[in-house]
Number of protein chains: 2
Amino acid sequence: MLEALLALDRDRPGVGERLIGALREAVAQQRIAPGTRLPSSRDLAADLGLSRGLVVAAYEQLVAEGRLVSRRGSGTTVAPAPPPVPASAGQPSPPPAGRVAPLRPGVPDLGMFPRAAWRRAYERALTGALDSDLDYTDPAGVPRLRAELAAYLGRVRAARTGADGVVVTTGAAQALGLLGRVLAARGMTDVGVEDPGSAGIRDHLLAYGLTLHPVPVDERGAVVSALGRMQAVFVTPAHQFPTGVVLAPGRRAELIDWARRTGGLIIEDDYDAEFRYDRDPVGCLQGVAPDVVALVGSASKALAPGLRRGWLVPPPAWLPAVRRAKSDADMGGSALEQLAFAELLGSGGYDRHLRRARRAQRTRRDALVAALRTHLPQARISGVAAGLHLVVELPSGVDDRALAARARSAGLGPLALSELRHGGDGPPGLVLGYAAQTPDELTAAVATLAGLLP
Amino acid sequence: MLEALLALDRDRPGVGERLIGALREAVAQQRIAPGTRLPSSRDLAADLGLSRGLVVAAYEQLVAEGRLVSRRGSGTTVAPAPPPVPASAGQPSPPPAGRVAPLRPGVPDLGMFPRAAWRRAYERALTGALDSDLDYTDPAGVPRLRAELAAYLGRVRAARTGADGVVVTTGAAQALGLLGRVLAARGMTDVGVEDPGSAGIRDHLLAYGLTLHPVPVDERGAVVSALGRMQAVFVTPAHQFPTGVVLAPGRRAELIDWARRTGGLIIEDDYDAEFRYDRDPVGCLQGVAPDVVALVGSASKALAPGLRRGWLVPPPAWLPAVRRAKSDADMGGSALEQLAFAELLGSGGYDRHLRRARRAQRTRRDALVAALRTHLPQARISGVAAGLHLVVELPSGVDDRALAARARSAGLGPLALSELRHGGDGPPGLVLGYAAQTPDELTAAVATLAGLLP
């Protein structure tokens, strides 16, 4: 049963909540059979490298939910029959097994994944594939997908590349890993990262032996003058994570100038650019300066993270080293799912899905903003024009980490703004995702959240 | 239809192969119409005065080639649309674009990929997936696939592991990369590789900053006494590449003893263990010493390299670091193709495909050996009991590299034995793959090859 739990990343915040979620899912899906006796909290804590308190709390939570049974003398066992899922209600029922905690940023609505369109695309790929398509592929990706991605990125993101310039990856994480390997091999280990910024990205870059330096973010985006002697910088120009700020035109020019002057590399993470609502599209930086920008993107937000579809467009001078790193990493990805993604792009199915998803997400954003205005009228809301999350600035003095922890205990998934800072100061706040819940669920979640405020 | 087959001369050797050839030709020329139901193997055997086993083997070969379709309950029928007829016969025409050069080792017959079974497995995976299956997965792989792989490896390879111990990879290359990263991080950079051995593997390990040392291979496999102060060793115990030697029992014990005594890691590449013909299965080393062996395998030979399905079973003490390396590399693989592979394994479809492919490959090996005996009667052939390639030892003084180069100019794909040596001495030879061509094509290729000999 432990495999369900070993996926927990002990080093990311919220491990207790993730432990509860993983246990809940394992029980709900009967991956641990009803009646199974669980290891003692002491043993499980040792196995997982967690404190025993976290395991005790997780067991208690699931006992309270009726999924586990605890009897003095006979330990903790999985409840005989899984409890019925609450049909519905006015107030938020505990999320069904495997559901995303409401307000958790960074995940799309997995229920929106276009299964029928994807099935058709995969079938067409499988039917149309030549035998030779099933051989080892070009490590940079199958040519048809690279051509479709080049066309898509040119059309939708104003990127400047051809099929040859695209490296297909399994997601942004792999793209960053490839760049990290090449940066480390070139001795370009001083890398700036936005502050506040994604904690996951920081962890990921650190794994490649890079030294990270915070780059402050203000209302015009990353402060380029702070780059100093850094050799590369990770930025989110179209929609800064988490603040939602757009990198201002002057800053964009400054950033490109910095890179050209110093030989630095700009890593542009275009993580949710497909979702914008009330503003003109902001073309990617790569389209303006393909010589110094590595464009990173994925379909994790637009389709699903579990599909592992991503791409990387490095500067032409970096391409041979990146191709080599991709070959060293995995000799290229699965041919059939690459061909299926090419089908989805080429047939217009991806665009159709995005239009539908964008409309749904705009409705959710509107519902979240309306609920915040009702229940937290004093809060300053920002970063709403695009993306799948927004930021609620809290009155100074509020401990946002404690609030986020209370929210997690209540089954919600917001991040504290201060958890995403590394060094920099700023007001407390919460980062709220709205992609994975219906408007009603979001409204109920905000009502719960408001009740937790001091 | 039988008149096409009644011309077979039962009394000349090779009747099985001629039966296959006659059936293939009858189908290709539509002398037996698409959709026609063939007589049962029992009836046809009686009609032709052959053993039933020969007819069963012929049917299976043509099913594997996609020319016949076999369905439980409805017998064997001619496939709906026959595959295109090869342009010519007597001399090998240049391979069509994307075809594998005849005699190239290391590639399976991509035309044998079980498209229908894979489509069904993928559809079931897509239909059965929970929304939460589409979220970021456990980086070590989806639990269901890990459980199926653990069961499969235990059953077929006598491996000792549970689902928890398996890390799903995109192929052997990624598995070696993960181990390479961990070895380098631990300062265990002195790694032995078999000599002769795979040049691709050597390149791959070098990319991770390891220092490689040749380990001679004799008729009992890798010479363990040569390991000295190395900290890890890459071996192919079940079927050494390229020589085909099986690591002798005494050497296996010696190798495990070396690892336990020195803390060294044994990397066991089980690259083509599913294919054995005239010998008992050789269980993997990992099953004997899971504490010091990392088992590496893939479905690249059994299904197709382009599917990128592989696995790694590291020693338990290495598991956390390997999991972490996998997370850093790509945060886990595509959920749907993992679930599809689990379906294929769990439904028995993988076993069925392997049985079929094994029989077809045995026929091809027999054809290659027979052609070599005819056209190169002086050559010593070895490594024929298993795998998808064999070695032809050439008279000393023959320049095998020059011969391989001439063969490549003639459209063939053999490797020179000396290209696979790094340091060690030995007779010249050629490594010939037989997996990707029909018996007739192999016979023609050997005739061409013989004409190139000095």
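No experiment lies behind these values; they were computed from the predicted model shown. (Residues numbered from 1 in each chain as written. Chains lettered and ligands numbered in written order. Predicted model: local features only at pLDDT ≥ 70, side-chain atom pairs only at ≥ 80, totals over all residues. Heavy atoms only, no water.)

## Describing the overall build of chain A
For step 1, the next point in the chain: Helix and strand counts for chain A stand at 13 helices and 14 strands.
For step 2, the next point in the chain: Taking all 454 residues of chain A together, 56% fall into the buried category.
For step 3, the next point in the chain: For chain A, the share of sequence-separated contacts (at least 6 apart) that also reach a separation of at least 24 residues comes to 73%. (Helix = DSSP H or I, 4+ residues; strand = E, 2+ residues; numbered from the N terminus. Buried < 20%, exposed > 50% of the residue type's maximum accessible area, 1.4 Å probe, protein only. Contact = heavy atoms within 4.5 Å.)

## So, the interface of chain A and chain B
For step 1, the next point in the chain: Tallying the contact residues gives 55 residues for chain A and 54 residues for chain B.
For step 2, the next point in the chain: Our count for the contact surface shared by chain A and chain B stands at four salt bridges.
For step 3, the next point in the chain: Ionic pairing is found between A:Arg104 and B:Asp135, a salt bridge with its closest N-O pair at 3.8 Å.
For step 4, the next point in the chain: Where chain A packs against chain B, one counts 28 residue pairs in polar contact (both at pLDDT 80 or more).
For step 5, the next point in the chain: If you list the elements that add at least two residues to the side of chain A that touches chain B, you get α4 (115-128), α6 (172-185), α7 (199-206), α9 (319-330) and α10 (335-346) of chain A.
For step 6, the next point in the chain: Examining the composition of the side of chain A that touches chain B, we find that seven residues originate from one element, α4(A), more than from any other.
For step 7, the next point in the chain: By residue class, the composition of the side of chain A that touches chain B is 23 nonpolar, 14 polar and 18 charged. (Salt bridge = Lys/Arg side-chain N within 4 Å of Asp/Glu carboxyl O. Polar contact = N/O pair within 3.5 Å; in protein donor to acceptor, adjacent residues only side chain to side chain. Nonpolar A, V, L, I, M, F, W, Y, C, P; charged D, E, K, R; others polar.)

## A word on the pattern of salt bridges
In a structure, side chains of opposite charge can pair up when their charged atoms sit close to one another.
Residues and elements named next belong to chain A.
For step 1, the next point in the chain: In the structure shown here, the tally under the stated rule is 42 salt bridges over all chains.
For step 2, the next point in the chain: Arg-157 is paired through a salt bridge with Asp-270; the nearest N and O atoms lie 2.5 Å apart. Residue Arg-157 is located in helix α5 (residues 143-157), and its partner Asp-270 is located in the loop between β8 (265-269) and β9 (293-298); the two are separated by 113 residues in the primary sequence. Here the two residues Arg-157 and Asp-270 agree in accessibility, since each one is buried.
For step 3, the next point in the chain: For the salt bridge of Asp-257 with Arg-261, the shortest nitrogen-to-oxygen distance reads 2.8 Å. Of this pair, Asp-257 and Arg-261 both sit in helix α8 (residues 249-262), four residues apart, which is roughly one turn of that helix.
For step 4, the next point in the chain: Judged by its relative accessible area of 59%, Arg-261 is exposed.
For step 5, the next point in the chain: When salt bridges with common partners are traced through the structure, they connect Asp-278, Arg-362, Arg-365 and Asp-366 into a single cluster.

## Here's the deal with the sheet that holds strand β6 (residues 221-222) of chain A
All names here are of chain A.
For step 1, the next point in the chain: Read from one edge to the other, the open sheet built from eight strands follows the order β3-β10-β9-β8-β7-β4-β5-β6, with strand pairing classed as mixed. The open sheet terminates on both sides in strands that have one partner only, identified here as β3 (167-169) and β6.
For step 2, the next point in the chain: As judged from the four bridges shared by strand β7 (residues 232-235) and β8, these two strands associate in the parallel manner. Looking across to β8, one finds that Val-233 is bridged to Ile-266. (Pairing = 2+ DSSP bridges.)

## Considerations on the packing of α4(A) against α10(A)
All names here are of chain A.
For step 1, the next point in the chain: Their axes nearest at 8 Å, the elements α4 and α10 cross at an angle of 120°. The angle between the axes of α4 and α10 places the two elements in the oblique class. Between α4 and α10 lies a crossing of right-handed hand. On α10, the residues touching Ala-117, Trp-118, Ala-121, Tyr-122, Arg-124, Ala-125 and Leu-126 of α4 are Leu-336, Glu-337, Leu-339, Ala-340, Phe-341, Glu-343 and Leu-344.
For step 2, the next point in the chain: Here the residues of the contact of α4 with α10 are counted per class, giving eleven nonpolar, no polar and three charged. (Axes fitted to C-alpha atoms, helices over the stretch in contact; angles between N-to-C directions. Parallel < 35°, antiparallel > 145°, perpendicular 65-115°, else oblique. Left-handed = near helix turned anticlockwise from the far one by under 90°.)

## What to know about the confidence of the model for chain A
Residues and elements named next belong to chain A.
For step 1, the next point in the chain: For chain A, per-residue confidence averages 88 on the pLDDT scale, and residues scoring 70 or more make up 87% of the total.
For step 2, the next point in the chain: In the model, residues 82-97 has pLDDT below 50 throughout and makes 13 contacts with residues more than four positions away in sequence or in other chains.
For step 3, the next point in the chain: Across the predicted assembly, pTM comes out at 0.79 and ipTM at 0.78. (pLDDT = per-residue confidence, 0-100.)

## So, the side chain of B:Asp195
All names here are of chain B.
For step 1, the next point in the chain: Of note, Asp-195 is situated in strand β4 (residues 190-195).
For step 2, the next point in the chain: Of the side chains with opposite charge, Arg-421 lies nearest to the buried Asp-195, which makes no salt bridge, at 5.2 Å.
For step 3, the next point in the chain: Among the polar contacts listed, one links the side chain of Asp-195 to the backbone nitrogen of His-422, at a separation of 2.9 Å.
For step 4, the next point in the chain: Among the polar contacts listed, one links the side chain of Asp-195 to the backbone nitrogen of Gly-424, at a separation of 2.8 Å. (Lys, Arg positive; Asp, Glu negative; His and termini not counted.)

## With respect to helix α14 (residues 439-452) of chain B
For step 1, the next point in the chain: Between its terminal C-alpha atoms α14(B) stretches 20 Å, which fits the 20 Å expected from 14 residues at 1.5 Å a residue.
For step 2, the next point in the chain: All buried positions along α14(B) are accounted for by B:Pro439, B:Leu442, B:Ala444, B:Ala445, B:Val446 and B:Leu449. (Expected span 1.5 Å × (residues − 1).)

## Describing the sheet that holds strand β11 (residues 380-382) of chain B
Residues and elements named next belong to chain B.
For step 1, the next point in the chain: If you walk across this open sheet you meet the four strands as β11-β12-β14-β13, and the pairing is antiparallel. Where the open sheet ends on each side, the last strands, each with one partner, are β11 and β13 (415-416).
For step 2, the next point in the chain: Where strand β12 (residues 389-393) and strand β14 (residues 429-433) come together, five bridges link them in antiparallel fashion. Considered in β14, the bridge of Val-392 is made with Leu-430.

## Observations regarding the side chain of A:Arg421
All names here are of chain A.
For step 1, the next point in the chain: Relative to the helices and strands, Arg-421 is located in the loop between β13 (415-416) and β14 (429-433).
For step 2, the next point in the chain: No salt bridge forms around the buried Arg-421; measuring N to O, its nearest opposite-charge neighbour Asp-400 is 5.1 Å away.
For step 3, the next point in the chain: Residues contacting Arg-421, with those up to four places away along its chain left out, are Asp-195, Pro-196, Arg-202, Gly-426 and Pro-427.

## Let's talk about unusual backbone geometry
Excluding glycine, residues mostly have negative phi values, and the peptide bonds linking residues are mostly trans.
For step 1, the next point in the chain: Each neighbour pair has its own omega, and for A:Asp195 with A:Pro196 the value is 5°, a cis peptide bond.
For step 2, the next point in the chain: With respect to the helices and strands, A:Pro196 occurs in the loop between β4 (190-195) and α7.
For step 3, the next point in the chain: Here the residue pair B:Phe241 and B:Pro242 is connected by a cis peptide bond, since its omega of 5° sits within 30 degrees of zero.
For step 4, the next point in the chain: Relative to the elements of secondary structure, B:Pro242 occurs in the loop between β7 (232-235) and α9 (249-262).
For step 5, the next point in the chain: The backbone of A:Met331 sits at a positive phi, close to 55°, despite the residue not being glycine.
For step 6, the next point in the chain: Mapped onto the elements of the fold, A:Met331 is located in the loop between α9 and α10.

## Description of the packing of aromatic side chains
Residue and element names in this part refer to chain A.
For step 1, the next point in the chain: Under the defined criterion, the tally for this structure stands at eleven aromatic pairs over all chains.
For step 2, the next point in the chain: Between Tyr-152 and Tyr-350, the ring centres sit 5.3 Å apart and the planes meet at 75°, which makes this aromatic pair edge-to-face. Placement of the pair is Tyr-152 in helix α5 and Tyr-350 in helix α11 (residues 349-375), with a sequence separation of 198 residues. Assigned by exposure class, Tyr-152 and Tyr-350 land together as buried.
For step 3, the next point in the chain: Here Phe-341 and Tyr-350 contribute two aromatic rings whose centre-to-centre distance is 5.5 Å and whose plane-to-plane angle is 80°, an arrangement assigned as edge-to-face. Here Phe-341 and Tyr-350 have matching classes, each one buried.
For step 4, the next point in the chain: Through a chain of ring-to-ring contacts, the aromatic side chains of Tyr-152, Trp-311, Phe-341 and Tyr-350 assemble into a single cluster. (Phe/Tyr/Trp six-rings, centres within 6.5 Å; stacked < 30°, edge-to-face > 60°.)

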